[in-house]
Amino acid sequence: MPDHKIEPVTIPSLQTKKEKNEKIVALTAYDFPVAKIVDEAGIDIILVGDSLGMVVLGYENTIPVTMEEMIHHTKPVSRAAKRGLVIGDMPYFSFHLSLEESVYNASRFLKEGGAKAVKIEGASKKRLRLIETLVEAEIPVMGHIGLTPQSIHHLGQYRVRGKAVEEAKSLIDEALNLEKSGIFSVVLECVPDQVARIITEKLKIPTIGIGAGPFCDGQIIVFHDLVGLLDGRLPKFVKKYLDLQGLISQALNNYIEDVKEGRFPDKSHSYHLKPETLRLIEKDKPRKK
Ligand code: KIV
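Described below are features of the structure shown in this document. (Residues numbered from 1 in each chain as written. Predicted model: local features only at pLDDT ≥ 70, side-chain atom pairs only at ≥ 80, totals over all residues. Heavy atoms only, no water.)

Some details on the pattern of salt bridges
Tallied over the entire structure, the rule returns 12 salt bridges. In this structure, Lys36 engages Glu40 in a salt bridge whose closest nitrogen and oxygen atoms are separated by 3.1 Å. Residue Lys36 and its partner Glu40 are both found in helix 2 (residues 32–41); the two are separated by 4 residues, about one turn of the helix. Note that Glu167 is salt-bridged to Arg161, the shortest N-O span being 3.4 Å. Take Arg161: its relative accessible area is 16%, and that puts it in the buried class. Each of the salt bridges in this network shares a partner with another, and the network as a whole consists of Lys17, Glu22, Asp44 and Arg83. (Salt bridge = Lys/Arg side-chain N within 4 Å of Asp/Glu carboxyl O. Helix = DSSP H or I, 4+ residues; strand = E, 2+ residues; numbered from the N terminus. Buried < 20%, exposed > 50% of the residue type's maximum accessible area, 1.4 Å probe, protein only.)

Structure (structure tokens):
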């Protein structure tokens, strides 16, 4: 039975937020328990990002992530999300061959994964044609420009995009072209805040920033970065709200100590027989000589 008290976030409601100047809050999730917490907290957009490859599957970058892995992780997130809009991230090489194969792959996020939309990196002419075709096939698309991690080998390194005049102008053009092609929102990743502001003012659709400053219509961040679940150097744009890795390590140390010292399990974590049952069992015990 649907819960009638919960009003799910929709693409039109995100658009309304932009028009009313209300910030959109987005976060990634990759499994059921985290997606449930994220959804219940009131996050508007839950992205099953291909960052999955790095933060969950242990790959060095997002390139190896497959369609099967993405669908596998999108399903539990969709099952958990009662309010947030679930978006599936199209992994590298799932939208680079024929239009037909790309549309089929995108449709899998909706039909099998239960997502409401897909996200696609890039804004080349070919990408714009693909987006038009997806929108025509009733598949809502979120764009993603600026730093596009799937182009890592082309870019050479993860760095801020749009610092130079020509690069900034081409980012603005890319955003406008994407809007024309029919996307409902766009992620701006690692873009100077002034460039993000110009794009946000020029577009009618919402911009969602990650490392793009405060002027975007919304913000997104990777869940594991926000809660401090991984070690290593975090990018400048990440704000770590919790040291979950530290908390988990502390809990594990306590568990190890408790088991070694015989403090766990104690009476309260054990099952017990009734005294009369115990007496009957002990009565039948073979006597020691
Ligand atoms: O894969 C991802 O998590 C993303 C977001 C960081 C925007 O693309």
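Observations concerning a nonpolar patch on the surface
A surface patch of nonpolar side chains, about 360 Å² in accessible area, is lined by Tyr255, Ile256, Val259 and Phe264. Examined against the element boundaries, Tyr255 turns out to sit in helix 11 (residues 244–260). (Patch = residues over 30% accessible without salt bridge, like charges linked within 9 Å, V, L, I, M, F, W, Y side chains within 5 Å. Areas by Shrake-Rupley, 256 points an atom, 1.4 Å probe, with all protein chains shown as cover.)

Thoughts on the packing of aromatic side chains
Overall, the coordinates contain 2 aromatic pairs when judged by the stated rule. Ring centres of Tyr255 and Phe264 lie 6.1 Å apart, and the angle between their planes is 65°; on these two criteria the pair is classed as edge-to-face. Residue classification places Phe264 among the partly exposed residues on the basis of a relative accessible area of 34%. Here the basic side chain of Arg197 rests over the ring of Phe215, its NZ or CZ set 6.0 Å away from the ring centre. (Phe/Tyr/Trp six-rings, centres within 6.5 Å; stacked < 30°, edge-to-face > 60°. Lys NZ or Arg CZ within 6 Å of the ring centre and 35° of its normal.)

Considerations on the side chain of Ser78
Here Ser78 lies in helix 4 (residues 67–80). In this structure, Ser78 is in contact with Val86, Gly113, Gly114 and Ala115, ignoring residues within four places of it in sequence. (Contact = heavy atoms within 4.5 Å.)

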